[in-house]
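Descriptive analysis of the structure
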Amino acid sequence: MRAREPDIEGYVESDGVKIGYEVFGAGEPTILLMPTWAAVQSRRWKGQVPYLARHYRVITFDGPGSGRSERPAKTAAYRSQAIMAAAVAVLDTTDTAAAIGVGVSRGGGYLLELAAHHPDRVLGAVFVAAALNLADPRTDRTEYSFDEPLDTDVGWAMYNQHYWRQDWPGFIEFFMGEVLSEAHSTKQIEDCIDWGLETAPEDMIRLQHALYVPEEAVSLVPRVRCPSLVVHGSNDRILDVSGSARLAEGLGCELVVFEGSGHVPDARDPVRFNLLLREFIDRVCPPVQARRWTRARSRAPRALYLSSPIGLGHALRDVAIASELRALRSDLEIDWLAQHPVTAVLAGRGERIHPASAWLANESAHIASEAADHDLHCFQAFRRMDEILLANFHVLHDVLEEGHYDLVVGDEAWDADHFWHENPELKRSAFAWLTDFVGWLPMPSGGEREAAIAADYNAEMIEQVERYPRIRDRAIFVGDAEDIVPDRFGPGLPPIREWVQEHYDFAGYVTGFDPVGLADRVALRESLGYSADERLCVVTVGGSGVGGALLRLVIDAFPLARRELPDLHMVVVAGPRIDPASLPAHPGLEVRAYVDGLFRHLAACDLAVVQGGLTTCMELTANGRPFLYFPLRNHFEQNYHVRHRLQRYGAGRCMDYSTTDPEALAAAILAEIGRPVRYRPVESTGAGVAAAQIATLL
């Protein structure tokens, strides 16, 4: 799922070639993001488009041989002049008089061509590691002929047309590893490989034969009259920084070197790049309304609360912690930066939702889009959420820039935690980080590759925390040390439980309610409208929309169970993302779209059938109710972290969706409904403990 969909998309014909373009946003000025090497399509700008399109109008287009554009068979169609002409055609078609252009690598050459030959169409130009043949030759690698057959295919010998025809995937994998030379770049490399495999080697060979020569670039540079900026990574393995230095000197502009970055700092250091780009844009085209600056003054403390939208459980515990915080600091003002369906819970409790919440890309919708038939590869879905997390961090950064907050509380706010560790200079408020699991664990279906990637993600997190311990002013684990899985983060990495004990405080579990107040089940059932003599089974799959397949399985089992238990009443809570009308109907079966205070219904039931989500399972555990739970296939948190915790409490009966048919589920319902249980007691003071730990930051 994209963080920002285009407002307009279409095609324009340029020199007989069909060119695909997209337009995002409607502000001023327009930003033209140029295509680069045809092996990488315009989707490569996914780290820039959502942020820029909130402030400006943004246009992207694919060059010939790439993405949505046509694959012409003539070399001339790939020359810089042809791509310059395509840029002009896109500007004309989108009614754009002039734009600020940004070009990376080969795209820097196309931008130079455009700025030199059409100065009236370019308001400003940003060149990132521009491939203009101005750089000193690399001394750290052997250069090989591109056209002649070679007697080796190791390393840069792969940069050869004969090898490309023989093993294009092998070359792309090697080359993208060189492009993204920074550690922990697995996701960016995978993106580039996937895009590269969509391009045919014959088209890339034509493009290679349309290269710039040094004399052309040298003659074009003096003709550029617009304000310019040159950016280069100090760890660029493709082009030496000397080329960008010569370009900046010729343009008479600033050269910004990103220390530690590789060939595409916009992809691997997107926050730093985006903020630099916005600064340049606003300098070239000053905004009508200047950014506000607020003088520090004596006032009530303010907190911005970030609550993860992936499951509604975070909202319940966060409201409970916020309530305890207010009890400790009656003058505390709390704003919430949150997404649907969390905002529905918050609004129902009178909480104040920051208007910038409307700008957030929806993480819950992304997770739902990744699921199918009770299967959610949670780790890979999280990795594919990278552009959404980046877009949402920029929303957070803008909110904090425009309004002063003393404290940010992030309940599994992965965007804030990751990008503040990546850009520690941007953190200006105290930060309290909460989570109920630590450690990405690979699923067996992912094989050795996933095991290596999960370990790399864990290693990156460990390095970040230990390098910048000041980012998390308070790290709180929602649970106890025994709730942490007895695994390692990966080969050569520390044990998870041992590391967490060194780096976290423990709050105990946070239920968001007091089970003592729900102990009188007779009175509770009466208040909820349930009969005392019926057998009540509540079915719920959370708020993310992932559980449609499980709901249908349970509904299919219901008539079979009711045949043996005529007083069975089943209440199915579809959640805010599943249409109740899409589910089958049966006598005695009640389907509801949303239930406020669902934990009260769970406390009143004789049995619950649920997914393997932690919050719902722990609510049932706290209330001492029997339940069947079905962890989603390939969901590492539900299969490992949650299941470990439930085993510790002796709670619930774990079921395998893939081996459970309606008959087996009906039998399990009949066996478990109303069964007396004895679980380990769940703490009822967790919200107060967490609030007391957070309050020390005010």
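Scroll up to find the structure.
Residues numbered from 1 in each chain as written. Predicted model: local features only at pLDDT ≥ 70, side-chain atom pairs only at ≥ 80, totals over all residues. Heavy atoms only, no water.

Overview of the nonpolar core
- Judged by nonpolar contacts, the single largest core of 96 residues is most densely connected at Phe 61, Phe 171, Phe 175 and Met 176.
- No other element matches the 9 residues that helix H4 (residues 161–179) contributes to this core.
- If we skip the residues at most four places from it in the chain, Phe 61 touches Ile 19, Gly 20, Tyr 21, Leu 32, Leu 33, Met 34, Pro 35, Ser 42, Ile 83, Ala 86, Ala 87 and Val 90.
- With 63 residues, the next largest nonpolar core counts Leu 316, Leu 614, Val 677 and Val 682 among its residues. (Core = buried A, V, L, I, M, F, W, Y, C linked by side-chain atoms within 4.5 Å. Buried < 20%, exposed > 50% of the residue type's maximum accessible area, 1.4 Å probe, protein only. Helix = DSSP H or I, 4+ residues; strand = E, 2+ residues; numbered from the N terminus. Contact = heavy atoms within 4.5 Å.)

Examining the packing of aromatic side chains
- Summed over the entire model, instances satisfying the criterion amount to 37 aromatic pairs.
- For the ring pair Phe 146 and Trp 164, a centre distance of 4.9 Å and an interplane angle of 75 degrees mean the geometry is edge-to-face. On the criterion of sequence distance, the pair formed by Phe 146 in the loop between strand E6 (122–128) and H4 and Trp 164 in helix H4 is long-range, its members being 18 residues apart. For the pair shown, Phe 146 and Trp 164 are each scored as buried.
- When the ring of Phe 437 is compared with that of Phe 636, the centres are 5.6 Å apart and the planes differ by 70 degrees; the resulting orientation is edge-to-face. In this pair, Phe 437 sits in the loop between strand E12 (430–435) and helix H17 (447–467) while Phe 636 sits in helix H23 (residues 636–649), placing the two residues 199 residues apart along the sequence.
- For Phe 437, a relative accessible area of 5% translates into the label buried.
- The positively charged end of Lys 18 is found above the aromatic ring belonging to Tyr 11, 4.4 Å away from the centroid.
- If you follow Arg 44 out to its NZ or CZ, it ends over the ring of Trp 45, 4.6 Å from the centre. (Phe/Tyr/Trp six-rings, centres within 6.5 Å; stacked < 30°, edge-to-face > 60°. Lys NZ or Arg CZ within 6 Å of the ring centre and 35° of its normal.)

Some points on the sheet that holds strand E1 (residues 8–14)
- Read across the sheet, 8 strands follow the order E1-E2-E4-E3-E5-E6-E7-E8 without closing on themselves; strand pairing throughout is mixed. Across the chains shown, the open sheet's two edge strands, defined by having one partner strand only, are E1 and strand E8 (254–258). Each strand of the sheet is rotated relative to its neighbour by a mean of 20 degrees, with strand direction disregarded.
- Helix-sheet contacts for helix H3 (residues 106–117) involve strand E3 (30–33), strand E5 (99–104) and E6, and the interaxial angle to E5 is about 145 degrees. (Pairing = 2+ DSSP bridges. Axes fitted to C-alpha atoms, helices over the stretch in contact; angles between N-to-C directions.)

Remarks on the side chain of Ser 105
- Here Ser 105 lies in the loop between E5 and H3.
- With residues near it in sequence (within four places) discarded, Ser 105 still touches Thr 36, Val 128, Ala 129, Ala 130, Ala 131 and His 263.

A short note on the packing of helix H2 (residues 80–93) against H3
- At their nearest, the axes of H2 and H3 sit 9 Å apart, and the two run at 65 degrees to each other. Classed by the angle they form, the pair H2 and H3 counts as roughly perpendicular. At the point where H2 passes H3, the crossing takes the right-handed sense. Every residue of H3 that contacts H2 at Ser 80, Gln 81, Ile 83, Met 84, Ala 87 and Val 88 is listed here: Tyr 110, Glu 113, Leu 114 and His 117. (Parallel < 35°, antiparallel > 145°, perpendicular 65-115°, else oblique. Left-handed = near helix turned anticlockwise from the far one by under 90°.)

A short note on unusual backbone geometry
- A cis amide bond, omega 0 degrees, links Glu 28 with the succeeding residue Pro 29.
- Assignment of secondary structure puts Pro 29 in the loop between strand E2 (17–24) and E3.
- With an omega of 10 degrees, the peptide bond running from His 340 to Pro 341 counts as cis.
- Inspection of the secondary structure puts Pro 341 in the loop between strand E10 (333–337) and helix H12 (342–348).
- Phi at His 374 takes a positive value of approximately 60 degrees, unusual for a residue other than glycine.
- Here His 374 is to be found in the loop between helix H13 (363–370) and helix H14 (378–383).
- Classification of His 374 by relative accessible area gives buried; the value is 1%.

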